[in-house]
Structure formats: C-alpha cells, structure tokens
Amino acid sequence: MNFVGKSIPKIDGMAIATGKPVYTEDLAPANALVVKLLRSPHAFARIRSIDVSKASKLKGIACVLTYKDVPRARFTLAGQSYPEPSPYDRLILDEIVRYVGDEVAIVAAADEETAEKAMKLIKVDYEVFEPVLDYEKAIDHRAVVHSESDLHCNFDIGMQKDRNIASSQKVEVGNVEEELQKCAVVVEETCYTKAQAHCMMETYRAFSYLDHTGRLVVVSSTQIPFHVRRQLARALNTPASRIRVIKPRIGGGFGGKQTGAVEMFAAIVTLRTGKPAKIIYDRKETFTATNSRHAMRLKVRLGADSEGFIRVVDIEGLSDTGAYGEHASTTFGVVGEKTLPLYNKTRAVRFMGNVVYTNKMPAGAFRGYGATQGTFALETAVNKLAEELNMDPAALRLKNLIKVGETTLVSEGKTLGSSTLHQCIEKGQALIGWKEKYPRQATGSSKVRGLGMAVTMQGSGIANIDTASAEIRLNDDGSYTLLIGSTDMGTGSDTILNQMAAEVLDTSVDTIIVHAADTDISPYDPGSYASSTTYVTGMAVVKAAEDLRRQIVESGARFMNAALEEVDFDGQTLSTLDGEKSISLQKIAELQVLGFGGSRQLVGYATHGSSVSPPPFIAGFAEVEVDQETGKIELVDYVAVIDCGTVINPNLAAIQAEGGLVQGIGMAMYEDVRHDAWGRMMTDSFMEYKIPTRKDIGSIKVVFEECFEPTGPFGAKSIGEVVINTPPPAIAHAVYNAVGVRVTDLPITPEKVFLKMQKPGHHR
Amino acid sequence: MQIEINLNGKKVSIKVKKNEMLADTLRAHGVYSIRKGCDTACCGLCTVWVEEKPVLSCAFLSLKAQGKSITTLEGLQEEAEAFAQHLVAEGSEQCGFCSPGFIMTVLAMKRELKNPSDEEIIHYLTGNLCRCTGYLGQLRAIKKYLGVAQHEFCR
Ligand code: FES
Ligand code: FES
C-alpha cells in the first residue's frame, strides 16, 4: 500500500491552519443583506398579533417577515434520506412558538445595526401557555406541544401527539420477564444523560443569492447539502432543481450541522428581495436556538446466570426531543441498536420506550447519536453487575462480548464480520495498569485513585439506507478529478478519499483534484454523518476508481493493439508484458479527451450502499483521582484501544479519536445544559457551559488494534462517532471504584460526588 | 471616527464606530484570518497582537487601537506557515477554525517563554479553545516546532 495506512497531511490543511478565507462568512458577498431573527421570550405561546409596520419603514430595511409571509407546508430540518423518519412538524415561522428562542420574525437589513433597531420596533402580543418543561412529566401533560392537524409523518414512528409522544418503540426478542426469573443475579440502574451542546467553533451560518439563471444558491456551513436542498424545496415551495447548495470549508459539525438551521432564513429573504442575504448565528443563538443531544433517562436491567453469562439485557428509555422532532425516533432507536448486540450470550433482550415533545430547544443529531447515551447506561449497569457477580469487569466482558462470526438475538442471522474488541480490552488493561491498580489505590493524602472501564460499538453508515455516489474523471492533462458529495467538516474525509483513489489508480494524492460538495456538481451523497463517509462513500470511491482504472487499461491496450491480458498499468505508463510497447497515461488522456472520432473522456462512476453497518469497537479505560474531602475529580489517565478496521490515515484517525474522547470527557465531567423555571436556557455562553480546556484533560493514549472488515474499503470501518462513547461510563466507574459513589446522572461533578459521600450508608 | 493604525507593517486609516470592536473592524477591512467563536471573550479564536502582545480582538475597542501596531496572521505568514507545517504533519488542524487565534498565541508564547515545559505551554494556551482535536495533537505540534523533547506518539 502506498497511500492507505499513511499519515498523509490534509489537502486543505495549510489553508485552514494559516487563516485563508475559505469558510462561509469569508465568501459572502460584501453587499449581502444582514438577516436577524426575532425570537420568542416564552416557552410556549401563540402570537395573537404582530405589528411590523414601524420596523418595515426603517431606512435600510429590506424586508420583515412573519408567520403570515411564509409557505404553509410543514417540514423537518433533520438531515435524513427521503422519506425522512422525522416528523414534518415545523414551519419557517409559525403562529405558535414552542420554546424560548423559537423564531418569530425575520428581519433583513443593509447592516446589522439597522436590523437590530428594527427588531426592537416589532410589537408582538403573545397568548402565553403553560409549557411542558420536564420531559419526565411530558406524557399526558395538560399542555400539548403539537396540536396542529397538519403535522405529518412519512411513516409510522409511534407518534401520539395528543400525549406529547413523538415516537414510541419496542423491540423484544425472547421473553425478558421469564428469563429474568431464571437469572441468578439481576441488577437495575437508571441513568440520566444531558442535552449536550455541540460547540463547534464555527457557529451556524449561510448566505444565499440568485445566480445568472435566477436559481437560488445557498452557501452553508452544513454536513448535508443534498438534504438541505430538499428541505428548502419543501419549506419554500420551490422545485429542488431551482436550488443549489454549496458547502465550503466548515468549522466543525459534530452532528449539529446534520440538521438544517439557518439556510431557510437567508434563502427566503433572497427569494423575496432578489438580493444576496447572509445569516450568522452568534454563540448564544447557537446554544439556545439550534439543536443539541437528546437528553435521556435509561433504565437498564441485566440478568446473569451463576457462571457470569449475561442472559438478559432490558433497556427502557425516555428521550427528550424538545419542541420539534428532528432525529427523534432514530436517535432513540440507535440506543437499542448499538447496545443490544454487544453481549450476545443473551436469551432475551428488549429495548422500548418513548420520545417526548417538550417546550425546549429541539434535540438533534450529535456524534454518537443515541449510542452514547445507551453506552453510558448499559456499561454502568455492566460494571454494577460485575460487582454483584464478584467478577472482574474486564473478565465479565471478555466472557460475554460478541466475537467475529457470531450472531446476536437482534442481528437477524447476520454474523459479525470483524472485531478485535477482546484484544482491545487486553491491551487497554496492560496500558492502564489494570492488574496492578484495579480497583483503587490510596495516595497517602485525602486523595484516592480509581480505575474504570467501558466498551462500546457504533456503526459504519446506515445499512440499506446510506447510498453514496462517486465520480472520477481522467482529465486532458492526465490528472484526475474526484467528485464526491460527502462533507469534510475538518475530519479529513476529502483527504482519505483522495488516498483511496490514489491507491487504486497507483498515482500520487496530488494528481487528484478533490471536489466536494456542491449539489449542482457533486454526485449524490447523503452527507457526512452516521459514521458513513470512510465506509460508504469510501467504497463508492474505490469502485469508481477501479472502474476508471479498467477503462484506462482498455483504452491503452486498444491504442497499442494489445490484448488486455498482455498489458500492465503502473499508474503512469501502460506497457505490454514483453516490454515491446508502451503508452503513457498522459497520452491516453490526450487521445481520449482531445482525440477525434470515437473517443470520449474516461469517467469512472460508482454508487454504493451496504446491507450491513459493521461496528467499530472501543475499549476505554479511565484512571481518576478523587479528593475525599472535597469530591474534586481529576482525570489522570485515559486509554482508548480502538478497532476501526483498517486505519486509512493514522494521524487523522488519532486526532478524531482524541477529539472525540475529549468531547466525551466533557460530557462526563463538565457539560451541563440547564434551564430556569420558565424554560429559558441558562447555559448560553462558554462562561456558563464549560467545555474542556487544555487544563481539564490528563494523559490520553489512543491505540489502534486493526483488523480487516471484509465489506469496507481496504478493510476500513468508521471512527468518527464511536470515540465519544466510553468516557462517561468509564469515568463513572473509576469514580465509583475510588470513593464508592456511583453517579448515574451526568455530568459527574465534584458536588454530586461530595454530596453522595455524605449520605448515610456510604462506606469506604 | 477615523483611526490610524499600523496594520501588519502598513499604516492604514479606518473609519470606526464608537463601540466597535477590533475583530469586526479588521474583518470588515478584509482581514479574514480573524474568526470569532463566542460573544463572551472566552474562546481565543479572535486573538491578534496589539503592540506585539496577544489580545482578544472581540473585546478590544477599535478606538483604543489608535496609533498602535496591530499584527494578525496575515502579517506573520512565513512564521505561521512554519508552525502550521507541524500542525498539519500531526493532523491536528481539524476544522481549522480555531487555528489563526491559536497560532497567534503560540507565536507570542515563543517570543515570551524560553524552553517552556508542557505545563507552561498548556497554561499559556488555556484561553484558546478547540472543540475538534482534544488539544493533544496541538501540544505535539508545538513541541516539535519549538524543538523541545519529542513526544513519542503511541499507536
Ligand atoms: S471571539 Fe471568543 S474570545 Fe474573542
Ligand atoms: S480544529 Fe476545530 S476548533 Fe480547533
């Protein structure tokens, strides 16, 4: 392998590192109107009347739009393949506002000052309703978040909107209650995870304009250009063919930008005024009026026999989707999908529960997408089970985890194609010093150190749904152009796809021009989410490159009058095996592209989807130091041993892993979205909402335990999401082992630990 | 109001409003390396130098820049590239959105601290947030750039 497995620098690395103008805001036309949004101060209200006359008359105002001025077709902002499982439950602007921050009016002005002034001149009279704020009380609440009759679901997701249930699900294989009766040990744990904020450094932003044919062009910091095009078509009642969406370099996404946010506001202004328009959310809007992780309550029951085989996994959940149902049913489903297959000695498994509407900011997609929440609950329970069984938690896992070639109750007969999870656990134990240090070590002072662990799986793309296309052309000068629609959000996916194409074509990465993503030019791709790009788009790229390679060989052989079996292509020259004749790639390109009569430009093309979503795995180990006097927790060491199949680019994979782990550490220890009694989000800045700084992380070790996934490009699986899952349960476990306090509601703060240590019955 | 500043070695005169912040003034003037990540002076993305010292340009009144020398990444391209090479070699510029402010701070640190320890580096850069990389790769890049002990990367 010349390129796969090599730490090739990112093709856009120098430009983005040295501050070149390559992001959305840098590209916006100077004369773009500034779009601002007037937001609801109430969690739940109806707009009785709204008067924009004064605001509209202000000099420099281009337009002020209210719910009376927007199309009436409900849609979803969730970036999902059509038909989207998320309910069509929102309008660009609605007469009903459903959370503090919900949009009330769109103001477009020549400059920011005028827009702000105009917003103050809009008079709104609200009929304020009692809101649904506590998601544990949402079902059958007096208040109904969505009572409109035109809410639409593309298919049955178990919605009962009169009861505030957005989705209800149940999967059961075997008889859980019966099997639990037969178990020697049963443990139960109820875990709470918070609505984590993505905090990508580039906030949501887009600009739009009409092109020379009058079509709407939207440039957006998005993970989902093709989905945004479809959303806009529906929301604006405009054919998709009249819309073009372009993704430039983007400053992070983490799933947040898998949900449309700002595009529709700029776009409607451009359509109404004919003028370019731009919208840039500030940090507060990004915190309070976009989307977050779904907060969940997950109750886990595990049953094991006396030998330590886990026979029952039962998870009952409740998820808070907030005011709108973006990704409501699917994130919840993933909780079960990425937990139930892990321990496969089971006789019965069940996952069930509800996703509810509340009057808070909608939840959406966030790296891990339900698997993160599920992993926290399941692994916390597994650690508790180990204690009940008096077994080492690593040994319990080694005994029960799925292996290559095995099936599970929920895998419909499909066997696991690749895994090194058992080796990952063993290596992680060695690296963290499990044998020497587990479970705890006194330090001599008031501080105690504890060790904890967790394992996890994710997927690689969405089986039978994600479908990506890739096109690669041989240009007239012998270089290539690779066209893809996936959305590198900093992860380096453009680079690794380039590496894969270079590998197949035996060329160097810099002879390939990579172009992504533009709905007018790129072949269809759902976008980069669900850990799909390396695995799904990657395979499309490999197939397209193989297709082109075959054409190159055929073409060259024809020009040389040689048989196909008699030629060899080394990436630059096609030669006959006897060495008599040869033709350069450049010459082939020239003859194919420029030649008269019968020639045509060579283009490789492929569309790929997978019927499986092979899981990457991680074994995560944490060592913490807890001060018994104050509850203060310090993360001393974190070890993550990762099976993502073949590592295509070790450096980029390592950074993905480190970044994801730190985001998981943030979720475990610091990040805490809080609301006041009226539903206003209090954590609306980096002062209130703490993400990890350089000081908050100890040593982190990332190690890859590679294997070959038969269905993946060069044996690769995914890396992007799985990395965030282990820190919350591993750190909770480590804290428990240090001081005997099991924190089951995230984040694990010193206050919680301290208070629990004061409880009667607490020992150690 | 008009201010005269020395921007990356060139005298320029810019019209500013009374309450305008330097980040906005400079961006409007085409200095696109400046990025903003927050509204509360917490993220460090907007870091520039005023009189060679790093400041948060989102919280620095443009009027106060009158007569001062302002340095942005545009004015340090050679040095920035030299460091960015290391960053890119580690793969630790992920989305890159935090990079300009981060690099401005690193280059200031290089002038201020001689042979800094890990702790000193981390302390100096605490105000520069990054949500993508988890900071470790950035530290590896800094150490290689400064030529202090090489960190053996574990894989
Ligand atoms: S923009 Fe965040 S500190 Fe200046
Ligand atoms: S690389 Fe994205 S925020 Fe630092």
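Given the structure is predicted, the values throughout are model-derived calculations rather than measurements.

Novice: Residue-level account of the overall build of chain B, with values.
Specialist: Counting secondary structure elements, chain B contains five helices and five strands. A compact globule built from 155 residues would reach a C-alpha radius of gyration of about 15 Å, and chain B, at 16 Å, matches this within 12%. Judged by the C-alpha coordinates and their principal axes, chain B covers about 55 × 25 × 25 Å. Residues counted as buried form 56% of the 155 residues belonging to chain B. Considering only intrachain contacts with a sequence separation of at least 6, the fraction spanning at least 24 residues in chain B is 58%.

Novice: So what about the confidence of the model for chain B? Which residues, and what values?
Specialist: Residue and element names in this part refer to chain B. On average, residues of chain B score 94 in pLDDT, and 95% of them reach the 70 mark or higher. For residues 149-155, every residue scores under 50 in pLDDT, and the model assigns this stretch 16 contacts once sequence neighbours within four places are set aside. Scored as a whole, the predicted complex attains pTM 0.97, and scored at its interfaces, ipTM 0.96.

Novice: Explain helix 11 (residues 393-400) of chain A to me, using residue names and the numbers behind them.
Specialist: Residues and elements named next belong to chain A. Within helix 11, burial applies to P393, A394, L396, R397 and N400. When helix 11 is viewed along its axis, its buried side chains cluster within an angular range of 160 degrees and face the same direction. For helix 11, the side-chain oxygen to backbone nitrogen distance between the N-cap and A394 is 2.7 Å, and the N-cap itself is D392.

Novice: Account for helix 14 (residues 493-505) of chain A, with residues named and values stated.
Specialist: One turn of the α-helix equals 3.6 residues, which is why residues spaced by three or four share an orientation. If you check helix 14 of chain A, its first and last C-alpha atoms are 18 Å apart, about what 13 residues at 1.5 Å a residue would give, namely 18 Å. Across the 13 residues of helix 14 of chain A, 13 count as buried, placing the element largely inside the fold.

Novice: Got a sec to walk through the pattern of salt bridges? Specific residues and values, please.
Specialist: Following the criterion strictly, the structure yields 69 salt bridges over all chains and no others. A salt bridge links D520(A) to R244(A); its shortest N-O distance comes to 3.5 Å. Here D520(A), found in the loop between strand 20 (512-515) and helix 15 (533-560), pairs with R244(A), found in strand 11 (residues 243-246); they are 276 residues apart in sequence, far enough to count as distant. The class for D520(A) is partly exposed, based on a relative accessible area of 35%. A single network of salt bridges, built from pairs that share partners, joins E25(A), D26(A), E202(A), R205(A), K257(A), R27(B) and R35(B).

Novice: Tell me about the side chain of T133(B), and please be specific about residues and values.
Specialist: Following the sequence through the fold, T133(B) ends up in the loop between helix 4 (118-124) and helix 5 (136-146). Among the polar contacts made by the side chain of T133(B), one reaches the main-chain amide nitrogen of Y135(B) at a distance of 3.0 Å. In this structure, T133(B) is in contact with I655(A), E658(A), G659(A), S92(B), Q94(B) and Q138(B), ignoring residues within four places of it in sequence.

Novice: So, the packing of helix 3 (residues 99-112) of chain B against helix 5 of chain B: which residues are in play, and what are the values?
Specialist: All names here are of chain B. Following both chains from N to C, one finds helix 3 and helix 5 inclined at 40 degrees, their axes separated by 12 Å at the closest point. Classified by the angle their axes make, helix 3 and helix 5 are oblique. Considering the relative orientation of helix 3 and helix 5, their crossing is right-handed. Contacts between helix 3 and helix 5 involve F102, V106, L107, M109 and K110 from the former and Q138, I142, Y145 and L146 from the latter. When grouped by side-chain class, the residues that make up the contact of helix 3 with helix 5 number seven nonpolar, one polar and one charged.

Novice: A description of the sheet that holds strand 4 (residues 53-56) of chain B should follow, citing residues and the corresponding values.
Specialist: Each strand in a sheet pairs with its neighbour through backbone hydrogen bonds, running either in the same direction (parallel) or in the opposite one (antiparallel). Residues and elements named next belong to chain B. Judged by pairing direction, the sheet is mixed, and its five strands sit side by side in the order 2-1-5-3-4 without closing on themselves. The sheet terminates laterally at strand 2 (10-15) and strand 4, the two strands that pair on one side only. When strand polarity is set aside, the average angle formed by the axes of neighbouring strands in this sheet is 40 degrees. Across two bridges, strand 3 (residues 47-50) lies against strand 5 (residues 69-71) in antiparallel orientation. Within the sheet, the bridge partner assigned to W49 lies in strand 5 and is T71. Across the sheet, helix 3 is in contact with strand 3, strand 4 and strand 5; its angle to strand 3 comes to roughly 40 degrees.

Novice: Describe the interface of chain B and chain A, listing the residues and the values that go with them.
Specialist: With 52 residues of chain B in contact, the opposing surface of chain A contributes 60 residues. Interface area for chain B against chain A, summed over the two sides, is near 4500 Å², with a carbon-plus-sulfur share of 60%. Our count for the chain B to chain A interface comes out at six salt bridges. With a shortest N-O distance of 3.6 Å, E25(A) and R27(B) are connected by a salt bridge. Linking chain B to chain A there are 24 residue pairs in polar contact (both at pLDDT 80 or more). If you list the elements that add at least two residues to the side of chain B that touches chain A, you get helix 2 (77-90), helix 3, helix 4 and helix 5 of chain B. Residue contributions to the side of chain B that touches chain A peak at nine residues, all from helix 2 of chain B. Across the side of chain B that touches chain A, the residue classes break down as 24 nonpolar, 17 polar and eleven charged.

Novice: Tell me about empty space enclosed by the protein, and name the residues and values.
Specialist: Residue and element names in this part refer to chain A. With the rule as written, the count across this model stands at twelve cavities of 30 Å³ or more. As a volume, the largest cavity reaches approximately 530 Å³. For the largest cavity, the lining is made up of 38 residues, of which T491, S531, Q656, I719 and G720 are closest to its centre. The set of elements that each furnish at least two residues to the lining of the largest cavity consists of helix 14, helix 15 and helix 17 (650-669). Counting residues per element, the lining of the largest cavity draws most heavily on helix 17, which supplies three residues. Here the lining of the largest cavity is built from residues that sort into 15 nonpolar, 20 polar and three charged.

Novice: Got a sec to walk through the packing of helix 6 (residues 225-236) of chain A against helix 7 (residues 263-273) of chain A? Specific residues and values, please.
Specialist: Residues and elements named next belong to chain A. Contact geometry for helix 6 and helix 7: axes closest at 11 Å, N-to-C directions at 55 degrees. With respect to each other, helix 6 and helix 7 are oriented oblique. The handedness of the crossing between helix 6 and helix 7 is right-handed. Of the residues in helix 7, those in contact with V228, L232 and L236 of helix 6 are E263, M264, A267, I268 and L271. Of the residues that constitute the contact of helix 6 with helix 7, the class distribution is seven nonpolar, no polar and one charged.

Novice: Residue-level account of the domain arrangement of chain B, with values.
Specialist: All names here are of chain B. Under the domain assignment used here, chain B contains domain 1 (2-73) and domain 2 (75-154). Computed from C-alpha atoms alone, the centre-to-centre distance between domain 1 and domain 2 is 22 Å. Both sides together, the interface formed by domain 1 and domain 2 hides about 1500 Å², and carbon and sulfur atoms give 66% of it. Sorting the residues of domain 1 by area buried against domain 2 places L45, W49 and L73 first, and these three jointly supply 47% of that buried surface. Linking domain 1 with domain 2 are zero salt bridges, by the criterion used here. Joining domain 1 to domain 2, the criterion identifies eight residue pairs in polar contact (both at pLDDT 80 or more). In the side of domain 1 that touches domain 2, the residues fall into seven nonpolar, six polar and three charged.

Novice: Talk me through the sheet that holds strand 20 of chain A; I want residue IDs and the actual numbers.
Specialist: Residue and element names in this part refer to chain A. Read across the open sheet, the four strands follow the order 20-19-18-24; overall the sheet is mixed. The open sheet has two edge strands, strand 20 and strand 24 (603-609), and neither has a second partner. The average undirected angle you get between the axes of adjacent strands in this sheet is 15 degrees. When strand 19 (residues 480-484) meets strand 20, the two strands line up parallel, connected through four bridges. Each bridged residue has a counterpart across the sheet, and for L482 the counterpart in strand 20 is V514. The strands that helix 14 touches are strand 18 (467-474), strand 19 and strand 20; relative to strand 19, the one it contacts most, it runs at about 135 degrees. Its contacts with the sheet put helix 15 on strand 18, strand 19 and strand 24, and the angle it makes with strand 24 is roughly 150 degrees.

Novice: Could you give me a rundown of the pairing of strand 26 (residues 633-643) of chain A, with the residues and numbers involved?
Specialist: All names here are of chain A. The element strand 26 is extensively covered by neighbouring structure, given that ten of its eleven residues are classed as buried. With ten bridges joining them, strand 25 (residues 617-627) and strand 26 adopt antiparallel strand pairing. Directly across from A622, in strand 26, lies its bridge partner Y638. Between the end of strand 25 and the start of strand 26, which pair antiparallel, lie five residues, with G631 showing a positive phi angle near 85 degrees. Handedness of the crossover is the feature at issue here: the chain leaves strand 26, passes through helix 17, returns alongside strand 27 (residues 699-704), and the resulting connection is right-handed.

Novice: Tell me what's going on with the nonpolar core, and back it up with residues and numbers.
Specialist: Counting 193 residues, the largest nonpolar core has I92(A), I106(A), F265(A), I642(A), F686(A) and I731(A) as the members making the most contacts within it. At nine residues, the largest contribution of residues to this core is made by helix 17 of chain A. With residues near it in sequence (within four places) discarded, F686(A) still touches C199(A), M201(A), R283(A), F287(A), I691(A), G37(B), C38(B), T40(B), C42(B), C43(B) and L129(B). Core analysis: the next-biggest nonpolar cluster, separate from the first, contains 48 residues, A516(A), L548(A), A557(A) and F714(A) among them.

About the criteria used
- Residues numbered from 1 in each chain as written.
- Chains lettered and ligands numbered in written order.
- Predicted model: local features only at pLDDT ≥ 70, side-chain atom pairs only at ≥ 80, totals over all residues.
- Heavy atoms only, no water.
- Helix = DSSP H or I, 4+ residues; strand = E, 2+ residues; numbered from the N terminus.
- Rg over C-alpha atoms; globule rule 2.2 N^0.38 Å.
- Buried < 20%, exposed > 50% of the residue type's maximum accessible area, 1.4 Å probe, protein only.
- Contact = heavy atoms within 4.5 Å.
- pLDDT = per-residue confidence, 0-100.
- Arc of directions from axis to C-beta.
- Polar contact = N/O pair within 3.5 Å; in protein donor to acceptor, adjacent residues only side chain to side chain.
- Expected span 1.5 Å × (residues − 1).
- Salt bridge = Lys/Arg side-chain N within 4 Å of Asp/Glu carboxyl O.
- Axes fitted to C-alpha atoms, helices over the stretch in contact; angles between N-to-C directions.
- Parallel < 35°, antiparallel > 145°, perpendicular 65-115°, else oblique.
- Left-handed = near helix turned anticlockwise from the far one by under 90°.
- Nonpolar A, V, L, I, M, F, W, Y, C, P; charged D, E, K, R; others polar.
- Pairing = 2+ DSSP bridges.
- Buried area = accessible area lost by both parts, 1.4 Å probe.
- 1 Å grid on protein atoms, 1.4 Å probe; cavity = no way out; pocket = protein on both sides within 12 Å on 5 of 7 lines; lining within 4 Å.
- Points joined across faces, edges and corners; volume = space filled by probe spheres on them.
- Domains from an automatic or database assignment.
- Right-handed = clockwise from strand over helix to strand, strands pointing away.
- Core = buried A, V, L, I, M, F, W, Y, C linked by side-chain atoms within 4.5 Å.

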